[in-house]
Structure formats: C-alpha cells, structure tokens
Amino acid sequence: MLKKENHNYYTFAFYNVENLFDTQNDPKTLDDDFTAKSNRNWNEKRFRKKLRKMGRAISQIGYNEIGHPPVLIGLAEVENRYVLEELVSSKYLKHKHYGIAHIDSPDERGIDTALLYRKDHLQIKNITAHTVHVVNEEGIRDYTRDILEVEAILEDFKIHILVNHWPSRRKGVEETAFRRMAASEKAHEIVQQIQAVDPNARIVVMGDFNDDPESDCIKHLVGTTFYNPMELLLTRDEGSVTYKGGWFLFDQILISNNFMQQHGNDFRFQKAAIFNPEHLKEYKGRRKGSPFRTFLGRRYAGGLSDHFPVYAICSIEQS
C-alpha cells in the first residue's frame, strides 16, 4: 500500500464499460440491439447485473494501494444520464457519494463519455462538450463522441480532465487512422486553449483512444506537454483489450508534465497500472485471461466489459 506521512493519495481511473445501455428504445439513436425485444434480449435483469458488477469493479480500482476508490473515473460507452444515475446508486457505489459530469453527444449509436467524481473530495467548476468533426471516406460527416472537458478543484489544486473515446478501427487500422488523428488534433486544440489561460495548468487526458501508446495519434497529442505512463504497461502478455489473441492498450491516462516535477511540487504522480483482477477476466477456454465481456458478438456472456480499466495514482503533500 502507498503510504507516506503527510500525504493524501488519489486515484484517477478510466473504464470503457462496453455498451452500458438501458432497456428502452430511443428512436433518435441506433440502440435497437439493447432492448428486450432485440435478438440480444437486453432486459432489466441483465442491465442490473451489469451495473452491480461494474460498481464492484469501480469501487476496487486503486483500493489495494490507497484504501479508497477513485476520486474520479472517466467512462466510455454510456448511453445517457439515467444509466449513470443507476450505476452510482448501485450496491457497491451508493455510499461512495459519486457525482456525475455528462453531456449528451451526437454519436449515432447514442453512446457518450462521462466522468464520475467523489463529491466529498472534488468540486466541479465547469463542464464542456467539444465536438469532434470527422468525415468518412465519402466526405460525409461521421458523428462520433464529443470530448468531455471537466474543470475541477481537488484540495487547493485546479485540474482539467479531458475524457475521450476516439473513432474505432472497425474498417481497418490504416483506413481509419485519419479519424483518430482528427480527434487527437481536437484534444490538442483544447489543451492549447487551457494553456493559453494558464500555462501551468494541470491537465489529465484519458480515454479509449483506439490506438496504442506508440501510435502517431497519441504521440501527436503527447508532444512536449504530457507524460504517458501507459507506454511502459503494454507487453506481449498484458494490455487493456485483446483482439485475435494479441494485447493492445487503447485505454490510457496522460498527465501534464508538472505532475512529474519532484522538487517544490506538492501534487505528484506516483504510479499507473491496468486493473485486471481475476473476476474481471475470462476464467477458462481459449479466451482465458482476457476481459470478461458482456457480449461475445450477439451471444450474452454475462461479464462486465471487453476492456480492463486503467488508473493512475497521485499524491498531495500536506503542509
């Protein structure tokens, strides 16, 4: 356990929660697969089971190191505010006093990014949704997730959190790279706007980037502003998501360089990790050890997500 006298420790986490939909049909979005009448049979019992398991996992992230759950956690693939309200009031989170930062995005499937935060520790000052303009191969706009920017106060420190979910690789890595670069450029633009007001701003950029740490899209964003602790976490045998037997680390948390300063710095980065305990993994078969998914294709598997969460721990020295 991380424990140093006169220091408070905080976990920043990110989790792609794999299609956290309610059971109601929204005629404005492509959510038909997640209703009781669909061939996936997404019903209230399955929804509540996912909430309970998800809440348990969130409550445990970073707990072994610092003895309490994340002070903030970015989420991807949530349908609306209702599913977030049900999540924070579920069995394992209802006494943790989590608040919700969320704005509906224009994504065609109706999935958004969001931020949960512990109201007894973090004070929210401002929430902004930034549109990512992406076009498809025909030059037609491809509606995707907004970047959620949250300005907050933790103890006496102001921090800016950007929660991302960049366009997928579904039509091919190279073929879709320009879409993720557009999202990277938008995130970079937001960072520049923040720094224009406060050159010493503390910034955390987290999300499912659908790209590994060494990708051009991530390197473009990191530049000289950020440290990416996730670069050291991706190995042949470990990552946050699997595909065709290989590991990838699409889920990352980038921190501005001022978190890394050692001397005269009361708010410091301590460690980063992938949260992958056994109950988040497939326990048998050819997928043993990979994330325990809610669905395998259209077959209900009963798990949590096709991603593992990731987290970073920081400390604040008390004067």
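Residues numbered from 1 in each chain as written. Predicted model: local features only at pLDDT ≥ 70, side-chain atom pairs only at ≥ 80, totals over all residues. Heavy atoms only, no water.

Q: Mind showing me how you'd approach the sheet that holds strand E16 (residues 310-317) here?
A: Where strands meet in a sheet, backbone hydrogen bonds hold them as pairs that are either parallel or antiparallel. Sheet architecture is open: 6 strands sit in the order E3-E4-E2-E1-E16-E13, paired in mixed fashion. The sheet terminates laterally at strand E3 (98-102) and strand E13 (267-274), the two strands that pair on one side only. Taken pair by pair, the neighbouring strands of this sheet meet at an average axis angle of 20 degrees, ignoring direction. The pairing of E3 with strand E4 (residues 112-118) spans 5 bridges and is classified as antiparallel. By the bridge assignment for E4, Gly 99 is matched with Tyr 117. Across the face of the sheet, helix H1 (residues 44-60) comes into contact with strand E1 (7-20), strand E2 (72-78) and E3 while running at roughly 155 degrees to E1. Helix H3 (residues 81-88) contacts E1, E2, E3 and E4 of the sheet and is inclined by roughly 165 degrees relative to E3. (Pairing = 2+ DSSP bridges. Helix = DSSP H or I, 4+ residues; strand = E, 2+ residues; numbered from the N terminus. Axes fitted to C-alpha atoms, helices over the stretch in contact; angles between N-to-C directions. Contact = heavy atoms within 4.5 Å.)

Q: Teacher, can you tell me more about the sheet that holds strand E7 (residues 157-165) here?
A: Strand order in the open sheet made by the 6 strands is E5-E6-E7-E8-E12-E9, with mixed pairing throughout. The strands lining the two open edges of the sheet, one partner per strand, are strand E5 (122-130) and strand E9 (226-227). Taken together, the 5 bridges between strand E8 (residues 202-208) and strand E12 (residues 251-256) define a ladder with antiparallel strand orientation. Residue pairing across strands places Met 206 opposite Ile 253, the latter belonging to E12.

Q: Where do I start with H1 in this structure?
A: Owing to its 3.6 residues per turn, the α-helix brings residues three or four apart onto one side. Taking 1.5 Å per residue, 17 residues should reach 24 Å; H1 reaches 25 Å between its end C-alpha atoms and fits that length. Buried within H1 we find Arg 46, Phe 47, Lys 50, Leu 51, Met 54, Gly 55, Ala 57, Ile 58 and Ser 59. Looking at the buried residues of H1, the elements they touch are E1, helix H2 (63-66), E2, H3, E3 and strand E15 (299-300). Regarding H1, its N-cap is Asn 43, as a side-chain oxygen of that residue lies 3.3 Å from the backbone nitrogen of Lys 45 further along. Looking at the residues trailing H1, positive phi occurs at Gly 62, about 75 degrees. (Expected span 1.5 Å × (residues − 1). Buried < 20%, exposed > 50% of the residue type's maximum accessible area, 1.4 Å probe, protein only. Polar contact = N/O pair within 3.5 Å; in protein donor to acceptor, adjacent residues only side chain to side chain.)

Q: Help me understand the environment of Val 222, please; the structure alone is not making it clear to me.
A: Inspection of the secondary structure assignment puts Val 222 in helix H5 (residues 216-222). Assessed through its relative accessible area of 8%, Val 222 is described here as buried. Distance from Val 222 to Ile 255, taken between C-alpha atoms, is 9.0 Å for residues 33 residues apart in sequence. For Val 222, the residues in contact, after removing those within four places along its chain, are Asn 228 and Leu 254.

Q: How should the pairing of E1 be read in this particular structure?
A: Among the 14 residues that make up E1, 13 are buried, leaving the element largely enclosed by the rest of the structure. Judged from the 8 bridges that link them, E1 and E16 form a sheet pairing that is antiparallel. Across the sheet, residue Ala 13 finds its bridge partner in E16, namely Tyr 311. Alignment of E1 against E2, held across 6 bridges, turns out to be parallel. Considered in E2, the bridge of Phe 14 is made with Gly 74.

Q: Sorry if this is basic, but what is going on with the pattern of salt bridges here?
A: One side chain can pair with another of opposite charge once the charged atoms of both are near each other. Throughout the structure, instances matching the rule amount to 15 salt bridges. Across the salt bridge formed by Asp 107 and Arg 145, the nearest N and O atoms sit 3.2 Å from each other. Residue Asp 107 is located in the loop between E3 and E4, and its partner Arg 145 is located in the loop between E5 and strand E6 (147-154); the two are separated by 38 residues in the primary sequence. Summarising the burial analysis for this pair, Asp 107 and Arg 145 share the class buried. Among the salt bridges present, the one from Arg 118 reaches Asp 120, with a minimum N-O distance of 4.0 Å. Among the residues examined, Arg 118 registers a relative accessible area of 10% and is labelled buried. Using a relative accessible area of 47% as the deciding quantity, one classes Asp 120 as partly exposed. A cluster of three or more residues bridged by salt bridges with shared partners is formed by Glu 44, Arg 48 and Glu 86. (Salt bridge = Lys/Arg side-chain N within 4 Å of Asp/Glu carboxyl O.)

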